[in-house]
Amino acid sequence: QVQLVESGGGLVPAGGSLRLSCAASGRTFSSYSMAWFRQAPGKEREFVAIVWTGGSTYYADSVRGRFTISRDNAKNTVYLQMNGLKPEDTAGYYCAARRGSGGLDNIERYDYWGQGTQVTVSS
């Protein structure tokens, strides 16, 4: 069992930055690939970024070059550094843990989810 708790959301003007954190419980954190998703009101949850167990990363086209995902296995924490924020980045941001590969944007492939943290970008 893995429990995930996100933090770091808030209100920021367009062009600003935020760093989200996701703290995981348990001693098996390093064996999970960790991802961030987001969900805006009235829209489906969408994939943002993933960091694999080996440290490789992959991003959605909409955030590539602006967001950076990283992990610290010693702290059981995954981060999402968000720069150059846009109003369309406004959403609830959720971290998720999974094993295996494939189906990055398929929420059914993820084993554990956090409760989310809200990011609001003002224009």
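All values reported here derive from a predicted model rather than from experimental measurement.

**Student:** For this particular structure, what's the right way to read the state of the cysteines?
**Tutor:** Note on terminology: a disulfide is the covalent bond linking the sulfur atoms of two cysteines. This structure, assessed with the given rule, holds one disulfide. One disulfide in the model links cysteine 22 with cysteine 95; its S-S distance is 1.9 Å. Judged by the sign of its S-S torsion, about 45°, the bond between cysteine 22 and cysteine 95 is right-handed. Taken together, the positions of cysteine 22 in strand 3 (residues 18–24) and cysteine 95 in strand 9 (residues 91–98) put the pair 73 residues apart, joining distant regions of the chain. Pair check on accessibility: cysteine 22 and cysteine 95 agree, each one buried.

**Student:** Can you walk me through the pairing of strand 1 (residues 4–7) in this structure?
**Tutor:** Walk down a regular strand and you will see the side chains alternate between the two sheet faces. By the alternation rule, side chains of strand 1 split into Leu4 and Glu6, which are all buried, and Val5 and Ser7, of which none is buried. Judged from the four bridges that link them, strand 1 and strand 3 form a sheet pairing that is antiparallel. When the sheet's bridge partners are listed, valine 5 is paired in strand 3 with alanine 23.

**Student:** How do you make sense of the pairing of strand 4 (residues 33–39) when you look at a structure like this?
**Tutor:** Counted residue by residue, strand 4 has six buried out of seven residues, so it is predominantly covered. When strand 4 meets strand 9, the two strands line up antiparallel, connected through seven bridges. Bridge pairing in strand 9 places phenylalanine 37 opposite tyrosine 94. For strand 4 and strand 5 (residues 46–51), the ladder comprises five bridges, and the chain directions are antiparallel. Across the sheet, residue tryptophan 36 finds its bridge partner in strand 5, namely alanine 49.

What counts and how
- Residues numbered from 1 in each chain as written.
- Predicted model: local features only at pLDDT ≥ 70, side-chain atom pairs only at ≥ 80, totals over all residues.
- Heavy atoms only, no water.
- Disulfide = S-S within 2.5 Å.
- Helix = DSSP H or I, 4+ residues; strand = E, 2+ residues; numbered from the N terminus.
- Buried < 20%, exposed > 50% of the residue type's maximum accessible area, 1.4 Å probe, protein only.
- Pairing = 2+ DSSP bridges.

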